[in-house]
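# Overview (structure and organization)
One-letter residues, chain by chain:
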Amino acid sequence: FLGEQIVAEAARAQVTAGSAEVFFRAGMAFAIGAVAGSFASSLQRAAAQAETQALEAEAAARRAEASAAQAAEAQREVSAFHAAVLADAQPEHLAETLRHTAERVAHELGCQALGLLVRTAGLAGEIAFTVAGVHGDPGYLLGQVLSPVADPVAAAAMEGTTVVAERDAVAPMRVGDTVVGAVHERVPDGTPDAARVEALQTIADQLGAVLEATRLRAEQAATVARLTELDAMKSDFVAITSHELRTPLAGIRGFVDMLFRRGADLSPAEREEYLGIVLTQTDRLIHLVDDLLVVSRVEGNALVLSPVDVDVRPLLAQVSAGLGEDASRIVVDEVSGAPSTITLDADRLIQILTNLTHNALKFSPPSEPVRLRWSAPAEGTVVFEVIDSGAGIPAGEQAMIFERFRQRGDHRSHTEGFGLGLYITKLLTEAMGGWIEVQSAPERGTTFRVTLPASRPQPTPARPSAAARSD
């Protein structure tokens with residue numbers, strides 16, 4: 001019995017000990033589980049936080065990439081703008097500058113096709129645009145002229161505001177309210193976005209300023225050249241006037257003084273000779289003053305023409321007779337079919353033919369004749385030709401002989417005269433609705449050809465040509 005009690009007590013002790021161990025292990029497991037659960041929750045929270053941070057980092061990376069792209073685009077636009085700003089406004093280099101500018105702007109903006117258009121005048125004076133710069137294939141070639149009537153790009157440029165249509169964006173170059181050109185971009189796919197269109201317009205505005213600066217520089221250069229020319233002409237006028245007026249005045253004064261002091265001692269023949277010289281020099285002065293008055297009237301648009309019916313043969317005889325002793329050297333030729341009567345200002349025609357014939361006599365050998373010919377090569381016109389056999393006019397001087405104060409050879413070492421004869425002849429011919437031509441070769445003589453309307457009444461007052469007015 002005692003043994004059984006000991007065994008039972010031992011068993012209870014073992015059970016008690018086992019339960020404690022179970023409880024301990026269960027407690028440990030619970031503690032471990034709690035720790036593990038807490039750790040797992042922390043891991044989940046950390047993972048979620050890490051995922052959020054990753055998404056934020058990815059978004060930040062995308063924003064940074066977009067910002068970098070925008071910065072790069074802005075940098076390209078700035079570079080393109082600088083290319084436009086730095087374009088040289090020298091008129092003589094404008095064409096080359098615009099070609100290089102088109103390439104530079106296209107490169108900086110990444111354009112596949114871009115063109116620079118400059119406003120010009122078409123064949124009939126209408127508004128047109130000339131392609132001054134091109135990159136890629138915008139649909140036209142360098143130097144091509146685009147009409148707003150037929151070309152949509154040119155028509156868009158005339159709108160005065162940026163036009164975006166399908167693959168094209170056209171930004172006008174404006175100076176005030178005037179369109180002076182345009183920048184055109186053609187994209188391969190889609191339509192240019194708003195930022196690109198704004199950049200194109202900014203560049204177009206700058207290039208418009210460049211074109212305006214070029215125009216102002218050209219006008220300034222033309223004004224300076226014109227003032228320089230006027231200053232030289234003034235010097236020539238003073239020098240020639242001093243010489244041409246002083247010579248006859250000196251002769252008149254000398255012979256009048258002689259007649260005044262020694263008139264009683266001179267024979268009638270001597271007095272007649274001296275008075276004849278005075279009369280000749282006076283006529284010379286009157287002729288020089290008349291030339292200056294004619295130039296002033298024609299250039300001032302104050303010349304009044306008086307067209308009348310004129311018999312050609314008596315008029316040509318009057319021209320010959322007016323040349324005095326040299327009249328015998330003039331041979332008048334009438335071509336078959338030439339009109340015997342024409343309608344024009346007879347006095348002005350006489351002045352024209354007298355100037356030309358006098359020049360021909362002066363520059364021809366004394367033994368050679370000068371031919372005065374008239375014909376009617378076309379209906380409604382009459383042509384007068386003055387033909388000499390003199391030394392001729394070099395080709396390089398033929399375009400200059402109709403200028404004011406210009407004579408054959410060096411106009412400063414001139415012979416008698418103002419050098420206004422051919423200039424006046426050209427002015428009067430054009431004022432009468434005609435034109436004058438010259439044909440000449442060294443040692444083969446010269447032919448001046450004046451073409452005039454034969455019967456058409458002339459306007460009053462008459463206007464010289466634009467070329468004559470500009471001169």
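Read on for a plain summary of the structure. Throughout, a residue's number is its position along its own chain's written sequence, starting from 1. Predicted model: local features are reported for residues with pLDDT of at least 70 only, side-chain atom pairs are reported and counted for 80 or more only, and whole-chain, interface and lining totals are derived from all residues. To obtain the side-chain values, all non-hydrogen atoms of the structure were used and water was disregarded.

To qualify as a helix, a DSSP run of H or I must reach at least 4 residues; to qualify as a strand, a run of E must reach at least 2; elements of each kind are numbered from the N terminus. Scanning the protein for helices and strands turns up nine helices and 13 strands. For the exposure calls, accessible area comes from a 1.4 Å probe over protein chains only, and a residue counts as buried if that area is under 20% of its type's maximum, exposed if over 50%, partly exposed in between. Looking at the protein as a whole, 37% of its 471 residues qualify as buried. Whether two residues are in contact is decided by their heavy atoms: any pair within 4.5 Å suffices. Considering only contacts within the protein whose residues lie at least 6 apart along the sequence, 64% involve residues at least 24 apart. Every accessible area reported is derived by Shrake-Rupley at a probe size of 1.4 Å, with residue values counting cover from the shown protein chains alone. Here the protein displays about 26,300 Å² of accessible surface, and carbon together with sulfur accounts for 58% of that area.

Read across the sheet, five strands follow the order E8-E10-E11-E13-E12 without closing on themselves; strand pairing throughout is mixed. For this open sheet the edge positions go to strand E8 (330-334) and strand E12 (435-440), each flanked by a neighbour on one side alone. Neighbour-to-neighbour, the strand axes of the sheet open up by a mean angle of 15°, direction not taken into account. Packing against the sheet, helix H6 (residues 312-321) makes contact with E8, strand E10 (370-375) and strand E11 (381-388), and its axis sits at approximately 160° to E10. Only strands joined by at least two bridges in the DSSP assignment are considered to pair. Note on geometry: axes are C-alpha line fits, over the in-contact stretch for helices, and angles between N-to-C directions span 0 to 180 degrees.

Turning to the sheet that holds strand E3 (residues 145-146), a few remarks are in order. On the basis of which strands lie adjacent, the open sheet formed by six strands has the order E3-E2-E1-E6-E5-E4 and antiparallel pairing. Bordering the open sheet on either side are E3 and strand E4 (163-165), each of which pairs with just one other strand. Here five bridges tie strand E1 (residues 114-121) to strand E6 (residues 178-186), and the two strands are oriented antiparallel to one another. Each bridged residue has a counterpart across the sheet, and for Gly-115 the counterpart in E6 is His-184. Across the sheet, helix H2 (residues 94-109) touches E1 and strand E2 (127-135), and the angle it forms with E2 is around 55°.

For the pair H6 and helix H7 (residues 346-362), the least separation of the axes is 9 Å and the interaxial angle reads 45°. Judged by the inter-axis angle, H6 sits oblique to H7. Regarding H6 and H7, the two cross each other, and that crossing is right-handed. Between H6 and H7, the contacting residues are Leu-315, Leu-316, Gln-318 and Val-319 on the first element and Ala-346, Leu-349, Ile-350, Leu-353, Thr-354 and Thr-357 on the second. When the residues that make up the contact of H6 with H7 are grouped by side-chain class, the tally is seven nonpolar, three polar and no charged. Throughout, the term roughly parallel applies to angles under 35 degrees, roughly antiparallel to angles over 145, roughly perpendicular to angles from 65 to 115, and oblique to all others. Note on convention: near helix rotated counterclockwise from far helix by under a right angle means a left-handed crossing. Clockwise means right-handed. Gly is put with the polar residues, along with every residue not named as nonpolar or charged; the nonpolar set is Ala, Val, Leu, Ile, Met, Phe, Trp, Tyr, Cys and Pro, and the charged set is Asp, Glu, Lys and Arg.

Within the secondary structure, Trp-374 sits in strand E10. Looking at Trp-374, the relative accessible area reads 2%, which means it is buried. As a C-alpha pair, Trp-374 and Ser-336 span 38 residues in sequence and 9.4 Å in three-dimensional space. Non-local contacts of Trp-374, meaning those with residues more than four positions away in its chain, are made with Val-312, Arg-313, Leu-316, Val-332, Asp-333, Glu-334, Val-335, Ala-338, Pro-339, Val-382, Val-383 and Phe-384. Polar contacts here mean pairs of N or O atoms no more than 3.5 Å apart (in protein, one a potential hydrogen donor and the other a potential acceptor; neighbouring residues in sequence count only if both atoms are side-chain atoms). Of note is the side chain of Trp-374, whose polar atom sits 3.0 Å from the backbone oxygen of Pro-339.

Of all 11 residues that make up helix H8 (residues 421-431), nine are buried, and the element is covered over most of its length. For H8, the full list of buried residues reads Leu-422, Tyr-423, Ile-424, Thr-425, Leu-427, Leu-428, Thr-429, Glu-430 and Ala-431. Looking one or two residues beyond H8, the residue adopting positive phi is Gly-433, at roughly 90°.

When their charged atoms lie close together, side chains carrying opposite charge are able to pair. Definition used for salt bridges: Asp or Glu carboxyl oxygen within 4 Å of a side-chain nitrogen of Lys or Arg. Taken as a whole and judged by the stated rule, the model has 13 salt bridges. The salt bridge partner of Arg-196 is Glu-185, with a shortest N-O separation of 2.7 Å. Remark: Glu-185 occurs in strand E6 and Arg-196 occurs in helix H4 (residues 194-262); sequence separation between them is 11 residues. Assessed through its relative accessible area of 13%, Arg-196 is described here as buried. Residues Arg-313 and Glu-334 are paired through a salt bridge, measuring 2.7 Å at the closest nitrogen-oxygen approach. Taken together, the positions of Arg-313 in helix H6 and Glu-334 in strand E8 put the pair 21 residues apart, joining distant regions of the chain.

Joining through side-chain atoms within 4.5 Å is the link that ties buried Ala, Val, Leu, Ile, Met, Phe, Trp, Tyr and Cys residues into a set, and such a set is a nonpolar core. Within the largest apolar cluster, 46 residues are counted, with the highest numbers of intra-cluster contacts made by Leu-315, Ile-342, Phe-384 and Phe-448. In this structure, Leu-109, Ala-171, Val-197 and Leu-207 belong to the second largest nonpolar core, which totals 22 residues.

In this section: the side chain of Arg-329. Relative to the helices and strands, Arg-329 is located in the loop between H6 and E8. All tallies of charge rest on Lys and Arg as positive and Asp and Glu as negative; His and the ends of each chain are not included. Here Arg-329 sits buried without a salt bridge, and the closest side chain of opposite charge, Asp-326, lies 4.0 Å off (N-O distance). There is a polar contact of 3.3 Å between the side chain of Arg-329 and the backbone oxygen of Pro-366. In contact with Arg-329, not counting residues within four places along its chain, are Leu-361, Ser-364, Pro-365, Pro-366, Glu-368, Pro-369 and Val-370.

Okay, the pairing of E11 next. Regular strands show a simple pattern: their side chains alternate between the two faces of the sheet. In terms of residue burial, E11 counts as a mostly covered element, since eight of its eight residues are buried. Both faces of E11 are covered, namely the face carrying Thr-381, Val-383, Glu-385 and Ile-387 and the face carrying Val-382, Phe-384, Val-386 and Asp-388. Examined bridge by bridge, E10 and E11 share five bridges and lie antiparallel to one another. Bridge assignment links Arg-371 to a residue of E11, and that residue is Ile-387. Taken together, E10 and the strand that follows it, E11, pair antiparallel across an intervening segment of five residues, in which Gly-380 is found at a positive phi of about 90°. Looking at chain direction, E11 and strand E13 (residues 446-453) are connected through eight bridges and run antiparallel. Residue pairing across strands places Val-386 opposite Phe-448, the latter belonging to E13.

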